[in-house]
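# Architecture at a glance
Chain residues, written in single-letter form:
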Amino acid sequence: MLRIYEKTLKVLKAGSKSSTLAENGSKHTILDLCGCCRIISADELSRCYFCDQIMCLLCLVQCSDCNKPFCQNCSLALYDNKKQHVCVSCYSYQSK
């Protein structure tokens, strides 16, 4: 079952790179699928500031210190008074 899932995901990713998605009468070039399986189009191209991984806008969080976008692998959720996200660079700077 796992092989079928991996093969299907590979086919979806390969097909999405060469397709176009018509939405609201305009065409968007599809670049890839995010890790959460959302389509990433050229109109909403976003990268993690730390690792440069292309992700959808919903998977990126903004660092509360430097205000740059980061993926969940390059940021930490802090639960002090409210939930806020801090990138690994700002977190290591804060802890010194």
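Nothing here was measured: the structure is a model prediction, and the numbers come from that model.

Each value, and the rule that gives it
Numbers given for residues are sequential positions, taken from 1 along each chain in its written order. In keeping with the model being predicted, local features are shown solely for residues with a pLDDT of at least 70 and side-chain atom pairs are shown and tallied solely at 80 or more, while totals for entire chains, interfaces and linings include all residues. Each side-chain value is worked out from all heavy atoms of the structure, with water and hydrogens disregarded. The term nonpolar core refers to a set of buried residues drawn from Ala, Val, Leu, Ile, Met, Phe, Trp, Tyr and Cys, joined through side-chain atoms within 4.5 Å. Residue burial is assigned from relative accessible area. The probe radius is 1.4 Å, only protein chains are included, and a residue is buried under 20% of its type maximum, exposed over 50%, and partly exposed in between. Only heavy atoms matter for contacts: two residues are in contact if any of them lie within 4.5 Å across the pair. A helix here means a DSSP run of H or I that spans at least four residues, while a strand means a run of E at least two residues long, and both kinds are numbered starting from the N terminus. Pairs of N or O atoms within 3.5 Å make up the polar contacts considered here, provided that, within protein, one atom can donate a hydrogen while the other can accept it, and that residues adjacent in sequence are counted only when both atoms are side-chain atoms. Strand pairing follows a simple DSSP-based rule, namely that at least 2 bridges must link the two strands. When two rings of Phe, Tyr or Trp (its six-membered ring) have centres within 6.5 Å they constitute a pair, described as stacked for plane angles under 30 degrees, edge-to-face for angles over 60, and tilted for the intermediate range. A ring has a charge above it when a Lys NZ or an Arg CZ is no more than 6 Å from the ring centre and no more than 35 degrees off the ring normal. Confidence of the predictor at the level of single residues is given by pLDDT, which spans 0 to 100. For the purposes of this analysis, a disulfide is any pair of cysteine sulfur atoms at a distance within 2.5 Å.

Turning to the nonpolar core, a few remarks are in order. In terms of nonpolar packing, the biggest core is built from 15 residues, with Cys34, Cys48, Met55, Cys63, Phe70 and Cys71 touching the most fellow members. Sequence-distant contacts of Cys71, that is, excluding residues within four places in its chain, are made with Cys48, Cys51, Met55, Cys59 and Leu60.

This part covers the side chain of Ser75. Topologically, Ser75 is positioned in strand 8 (residues 75–79). Within the structure, Ser75 has its side chain in polar contact with the backbone oxygen of Cys71 (distance 2.9 Å). Beyond its immediate stretch of four places on either side in the chain, Ser75 contacts Val61, Phe70, His85, Val86, Cys87 and Val88.

The next subject is the pairing of strand 9 (residues 83–87). Inspection of the sheet shows strand 8 paired to strand 9 by five bridges, in the antiparallel sense. Among the inter-strand pairings, Ala77 is bridged to a residue of strand 9, identified as His85. Taken together, strand 8 and the strand that follows it, strand 9, pair antiparallel across an intervening segment of three residues.

Right, let's talk about the packing of aromatic side chains for a bit. Overall, the coordinates contain one aromatic pair when judged by the stated rule. Sitting over the ring of Tyr49, Lys68 keeps its end group 5.0 Å from the ring centre.

Here we come to the environment of Ser75. Of the residues examined, Ser75 reaches a relative accessible area of 10% and is grouped as buried. Taking the C-alpha atoms as reference, Ser75 lies 5.5 Å from Val88; in sequence the two are 13 residues apart.

Within the protein, residue pLDDT values average 77, and 75% of them lie at 70 or more. When mean pLDDT is compared element by element in the protein, strand 7 (residues 69–70) scores highest at 93, while strand 1 (residues 20–23) scores lowest at 44. Scored below 50 in pLDDT, residues 17–24 shows twelve contacts in the model against residues more than four places distant or in partner chains.

Once that is clear, we can look at the state of the cysteines. Per the counting criterion, the structure on display carries zero disulfides. Looking at Cys87, it has no disulfide partner, and the nearest cysteine sulfur is the one in Cys90, 3.4 Å off.

Relative to the helices and strands, Ser46 resides in strand 4 (residues 46–47). Among the residues examined, Ser46 registers a relative accessible area of 13% and is labelled buried.

Before going further, it helps to examine unusual backbone geometry. Its identity is not glycine, yet Asp52 carries a phi of approximately 65 degrees, on the positive side. Here Asp52 lies in the loop between strand 4 and strand 5 (54–55). For Asn67, which is not glycine, the phi dihedral falls at a positive 60 degrees.

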